[in-house]
Amino acid sequence: MTTPDVEHRMRLFDHRIPSLYAGKHTISVDQTLDATGATLPSHQQRFDVRQLRFTIAPTDVQACYPLPGASGSYSQILPHITLDTPALPWLRRLRGQDKSVPWAALLVFRENELPDDPRAVGAVDVLTVRQLLGREKPGRPPAIADEYVFDDEWDTVCTTVLVPGAQFTALAPTPAEMAMLAHVREGGPPDATHTRAAGEPEPEPDVEDLNAVVVANRFPAVDGGMHVVHLVSLDGFEDYLDGTTPPAEGLRMVSLWSWSFESVYDTGVGFGDLAHNLADGPDARPDLLLRRRAQRPAQPTSAQREALDRLASGAAALPQRLDSGERTLAYYRGPLTAAPAQRLPAPGEGHERLESAGEALIYVEQHGVFDTGYAAAFSLGRQLSLGDAEFHTALMEFRKAARSAARRLFTRSGPAGRAATAEALTGHPAREAFDRLLTETGGARLSHALTTAGARIAAGHRRAAAPRAAGTGPLVAETLRATVARAETHGLLRAALAHELDPVAAWLARLPLLEMIPFEHLVPDPAMLPPESIRFAYTDPGWVRAAVDGALSVGVGHALDADLNQLAADVAAPPPCAVLLRSDLVPNWPKIIMAASHDGGSVEPVRRAVYGEDVLLILYPEVIDTFTLAEPPQGLHFGFSDIGTIELRRITGASIGAPMGEFPADPADDRFARFLRPGGRDVLNVAGPGDALLPALGAAHDGARLSSAQFALQMIKAPQLQEFVRP
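Described in the following lines is the structure provided in the data block. (Residues numbered from 1 in each chain as written. Predicted model: local features only at pLDDT ≥ 70, side-chain atom pairs only at ≥ 80, totals over all residues. Heavy atoms only, no water.)

The strand order β14-β15-β18-β17 describes an open sheet built from four strands, whose pairing is mixed. What marks the edges here is a single partner per strand, and that holds for β14 (316–321) and β17 (362–364). Put simply, the sheet's adjacent strands are angled 35 degrees from each other on average, direction ignored. As paired strands, strand β15 (residues 327–332) and strand β18 (residues 369–371) are joined by two bridges and run parallel to one another. (Pairing = 2+ DSSP bridges. Helix = DSSP H or I, 4+ residues; strand = E, 2+ residues; numbered from the N terminus. Axes fitted to C-alpha atoms, helices over the stretch in contact; angles between N-to-C directions.)

On to the nonpolar core. Nonpolar side chains tend to gather and get buried jointly when the protein is soluble and globular. Formed by 61 residues in total, the largest nonpolar core has its most connected members in Ile 81, Leu 106, Phe 168, Leu 231, Leu 234 and Met 253. In this view, Leu 231 contacts Ile 56, Ile 81, Ala 104, Ala 105, Leu 106, Val 214, Val 254, Ser 255, Leu 256 and Trp 257; residues no more than four positions away in its chain are not counted. One finds Ala 401, Leu 508, Met 528 and Val 548 within the second-largest nonpolar core, a separate group that totals 56 residues. (Core = buried A, V, L, I, M, F, W, Y, C linked by side-chain atoms within 4.5 Å. Buried < 20%, exposed > 50% of the residue type's maximum accessible area, 1.4 Å probe, protein only. Contact = heavy atoms within 4.5 Å.)

We now examine the pairing of strand β11 (residues 210–215). Of all six residues in β11, six are buried; the element is thus mostly enclosed. Of the two faces of β11, the one carrying Leu 210, Ala 212 and Val 214 and the one carrying Asn 211, Val 213 and Val 215 are both buried. Across four bridges, the pairing between strand β6 (residues 80–83) and β11 is antiparallel. Looking at the pairing, His 80 lines up with Val 215 of β11. With five bridges connecting them, strand β10 (residues 182–186) and β11 associate as antiparallel partners. Paired with Ala 182 across the bridge in β11 is Val 214.

Within a sheet, each strand pairs with its neighbour through backbone hydrogen bonds, oriented either parallel or antiparallel. Pairing is antiparallel in the open sheet, where five strands are placed in the order β16-β19-β20-β24-β23. Pairing within the sheet leaves two strands with one partner each, and these edge strands are β16 (336–337) and β23 (607–611). Bridge count for β23 against strand β24 (residues 615–620) is five bridges, and the pairing is antiparallel. Residue pairing across strands places Arg 608 opposite Ile 618, the latter belonging to β24.

Position of Asp 117 relative to the elements: it lies in the loop between β7 (104–110) and β8 (125–128). One buried charged side chain, Asp 117, makes no salt bridge at all; its nearest oppositely charged neighbour is Arg 119, positioned 7.3 Å away. Within the structure, Asp 117 has its side chain in polar contact with the backbone nitrogen of Gly 122 (distance 2.9 Å). Setting aside residues up to four positions removed in sequence, Asp 117 forms contacts with Gly 122, Ala 123 and Val 228. (Lys, Arg positive; Asp, Glu negative; His and termini not counted. Salt bridge = Lys/Arg side-chain N within 4 Å of Asp/Glu carboxyl O. Polar contact = N/O pair within 3.5 Å; in protein donor to acceptor, adjacent residues only side chain to side chain.)

So, on to the pairing of β15. The sheet contact formed by β14 and β15 spans six bridges and is antiparallel. Bridged to Ala 317 within β15 is Tyr 331. Hairpin connection from β14 to β15: five residues lie between these consecutive antiparallel strands, with Gly 325 at a positive phi of about 95 degrees.

Between helix α7 (residues 373–387) and helix α16 (residues 541–552), whose axes approach to 6 Å, the crossing angle comes to 40 degrees. Considering the angle they form, α7 stands oblique to α16. Regarding α7 and α16, the two cross each other, and that crossing is right-handed. Contacts between α7 and α16 involve Gly 373, Tyr 374, Ala 377, Phe 378, Leu 380, Gly 381, Arg 382 and Ser 385 from the former and Gly 542, Trp 543, Ala 546, Ala 547, Asp 549, Gly 550 and Ala 551 from the latter. Looking at side-chain class alone, the contact of α7 with α16 contains eight nonpolar, five polar and two charged residues. (Parallel < 35°, antiparallel > 145°, perpendicular 65-115°, else oblique. Left-handed = near helix turned anticlockwise from the far one by under 90°. Nonpolar A, V, L, I, M, F, W, Y, C, P; charged D, E, K, R; others polar.)

What follows is the structure, encoded as structure tokens:
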């Protein structure tokens, strides 16, 4: 993953305890005179601290996750709510509990768990506080004495939900767990971009950038279904947090906020499973090159060695029918190779351009088989050219203009073309001569020509032919081709033919990027790229050049046309490195993060293309040595990964938050399932009896006692990442 230019930082705090809790308070003032010891009359002043109790304002809620009304696979996520008021979970203190214990908790219910909301869509009963405490609806209401209710609160409207006693006992977190499941988060400027100098203390948090976060302790069902989440007030239910069995009638609880979502069936195969499977295999270093795997015999014959070597280079053995009608096998290799392709000499280095597919056909005489890779590339380029009417027309127009420019170049300045210009080659000589006749010498030439032309014609005079430039010779094909073949004339012709050449060059420039190339030519054998696999490959410039020659071979009438093709054939080499991914990651994670590097530097792709639904091709401008797949971040969530682990993070020192590895690390462990409460309800055992998560995390941090912020740091579900490193 790439490192951003600005390092954004987030800080977590345990809680935000108010200076004074909500409720009715009294200040008593007693005074004693030191000199006489006399005591003055006491004075008492009653005052109220008004805070939320039965409702919260919609503006207090910043976000919920999963999103209200959303549908997705959430079985590895603990739902949570983010509040804009950072002290809200601690504004009231529960009777008999530590000040770090919030007065509200998130409870997650599934279908058929709430009697008044069997479909888990968020149905609630709306009551006034008077109706709630007066038991006008079934269920034990909160134990709040009338004297602690303000006069104007009795007619306040609140939403309530009836929670069966057994459900509350099974789902409700203990006070110690409630303290761990709530924390304060800071993010955004100035903290986001703050960089401390050595020895500089941590900046004080800005209240405007603080949010309270309350996390649930229950995972949504693996088999899916509707879920409803209630932020319930525990004010008045302190007795049932200490183990007292709730009454059979259930508890009538105030729901401060609620939302519902649907969790779809979790197949157990997520991003982490798929990404990990790409690199998994029986070998410590699986073969991830684009080629067919073949078992090599202990003592292969010469023919077997030839076949195995070609397969190892990325070739495929495919059926072939000869011109004689016979059927045999031939090797085919497309533009993607498992090993760097041999460099072919460029035209002018002892290698002429290809003018037919037969010239590119390679015959392995020793074994009597053909290698058809370059021949197939030539034929494909020709077919693509013939199938594109717009390109075919542009190619013909280019050749027509090129022939005319070549003739002018020869007649005006001789074979070398040193005195000619691009403007002269593209102009109209007759029009230019007439313009000179009109403008030169103030029109005297035109007047003289008009007055003498009649007499000269009557006398039978004819205009003598202009003398031929020295060394020009007659205009024949051989001398014209010699003029075009000179390297110094190519730039002149390209400049003169820019208008006609540009559309041809633009079309041909798509071939090095492997555009228009059918997938079957890239991966000729399905076994080279099986389902759920990733393959790395080189590109072959020679194959691309053969395809370019094939495209330009259309409509060639004589050797001069083929010579003029070279003006368009000079295309860029293809990007040297390719990555092919065939996986459900492609359609199901369209925003997947892919990063590549070479010698520690980031390498950006030059092209990405999707074939079908599940195949992705990426081309890189240099051969990469590291490739990384990362799950797209969806925000800050809490839970565990697809493979049943969480990411341990440092809790002290300068590198707080730095990853420390997976937890649990032992593959023999039952992974995260061991930290669930018994009963099959997917309730996280944070700090309860048995194998609880909090002490296990403390042991992983050398016996440290984690705070709520440190616990939240461990539970953050970071995007999963799979890295591939070139051996």
